[in-house]
Amino acid sequence: MNIPANLKYTKDHEWVSIDGDVATVGITDFAQKELGDIVYVEVETLDQSLGKDEVFGTVEAVKTVSDLFLPIAGEIIEFNDELESNPELVNSDPYGQGWMIKVKVSDSSDINELLSSEDYKVLIGA
């Protein structure tokens, strides 16, 4: 199980990478394995400001559809267009080419509520 120490995590199995006031968000290796083969990623919230824990999109796998929850409040400034034609990147490279959105952070205190890699390992029993 790949759980990079330099990232933050949520209880909803998303990862967050912070660079200044921009956060990159995707789903974890654990989540993509649980979902199985991902066939579609939908984000219709581009250029919208959303609150923490609001649904920003969905990920569709062969056997299920799951909501994606925004881990920190902010404006969704970019969607990984590569996922439209290659949604399987979420399976093959969840922490790299499989990233989903970039968010301009509106409340940096939300970052303090995210899980460390160690806390996330405890959550999933790794």
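Everything numeric in this text was worked out from a predicted model, so none of it was measured.

1. Some words on the environment of W15
(1) Moving on: Take W15: it is sitting in strand β2 (residues 14-19).
(2) Moving on: Once the C-alpha coordinates of W15 and Y95 are considered, the two residues, 80 residues apart in sequence, prove to be 7.9 Å apart.
(3) Moving on: If sequence neighbours within four positions are ignored, W15 has contacts with L7, K8, Y9, T24, V25, G26, I27, T28, P94, Y95 and W99.
(4) Moving on: A polar side-chain atom of W15 sits 3.2 Å from the main-chain carbonyl oxygen of I27.
(5) Moving on: Within the structure, W15 has its side chain in polar contact with the backbone oxygen of P94 (distance 2.9 Å).

2. Description of the sheet that holds strand β9 (residues 101-105)
(1) Moving on: Reading across the sheet, the six strands line up as β1-β2-β3-β9-β8-β5 and stay open at both edges, with antiparallel pairing between neighbours. Each having just a single partner strand, β1 (8-9) and β5 (49-50) make up the two edges of the open sheet.
(2) Moving on: In terms of strand pairing, β1 meets β2 through two bridges, oriented antiparallel. What sits directly across from Y9, in β2, is W15.

3. Focus on the packing of aromatic side chains
(1) Moving on: All chains considered together, the criterion is met by two aromatic pairs.
(2) Moving on: Aromatic pair Y9 and Y120: ring centres 4.9 Å apart, planes at 15°, arrangement stacked. Of this pair, Y9 sits in strand β1 while Y120 sits in helix α4 (residues 117-124), and the two are 111 residues apart along the sequence. Accessibility classification places Y9 together with Y120 in one group, the buried group.

4. Topic: a negative patch on the surface
(1) Moving on: Together, E78, D81, E82 and E84 give the surface a local cluster of negative charge.
(2) Moving on: Position of D81 among the secondary structure elements: in the loop between β8 (74-79) and α2 (82-85).
(3) Moving on: Given a relative accessible area of 54%, D81 falls into the exposed group.

5. Let's talk about the nonpolar core
(1) Moving on: Residues I27, V41, F56, M100 and I101 are the most contacted members of the largest nonpolar core, which totals 21 residues.
(2) Moving on: Elements that contribute at least two residues to this core include exactly β3 (22-27), α1 (29-35), β4 (38-42), β6 (55-61), β8, α3 (89-92) and β9.
(3) Moving on: For this core, the element with the highest residue contribution is β6, accounting for three residues.
(4) Moving on: Excluding its chain neighbours within four sequence positions, the residues that come into contact with F56 are E14, V25, E42, V43, E44, T45, L50, L68, F69, L70, I76 and I101.
(5) Moving on: Grouped together as the second largest cluster of nonpolar side chains are 10 residues, I3, L7, Y9 and L115 included.

6. As for the sheet that holds β6
Sheet strands pair via backbone hydrogen bonds, and the direction of the pair is either parallel or antiparallel.
(1) Moving on: Sheet architecture is open: three strands sit in the order β4-β6-β7, paired in antiparallel fashion. Edge strands, defined here as strands with exactly one partner in the open sheet, are β4 and β7 (65-69). Sheet twist, expressed as the mean angle between neighbouring strand axes with direction ignored, is 25°.
(2) Moving on: Two elements, β6 and β7, share five bridges in a ladder whose sense is antiparallel.

About the cut-offs
- Residues numbered from 1 in each chain as written.
- Predicted model: local features only at pLDDT ≥ 70, side-chain atom pairs only at ≥ 80, totals over all residues.
- Heavy atoms only, no water.
- Helix = DSSP H or I, 4+ residues; strand = E, 2+ residues; numbered from the N terminus.
- Contact = heavy atoms within 4.5 Å.
- Polar contact = N/O pair within 3.5 Å; in protein donor to acceptor, adjacent residues only side chain to side chain.
- Pairing = 2+ DSSP bridges.
- Phe/Tyr/Trp six-rings, centres within 6.5 Å; stacked < 30°, edge-to-face > 60°.
- Buried < 20%, exposed > 50% of the residue type's maximum accessible area, 1.4 Å probe, protein only.
- Patch = residues over 30% accessible without salt bridge, like charges linked within 9 Å, V, L, I, M, F, W, Y side chains within 5 Å.
- Areas by Shrake-Rupley, 256 points an atom, 1.4 Å probe, with all protein chains shown as cover.
- Salt bridge = Lys/Arg side-chain N within 4 Å of Asp/Glu carboxyl O.
- Lys, Arg positive; Asp, Glu negative; His and termini not counted.
- Charge placed at Lys NZ, Arg CZ, Asp CG, Glu CD.
- Core = buried A, V, L, I, M, F, W, Y, C linked by side-chain atoms within 4.5 Å.
- Axes fitted to C-alpha atoms, helices over the stretch in contact; angles between N-to-C directions.

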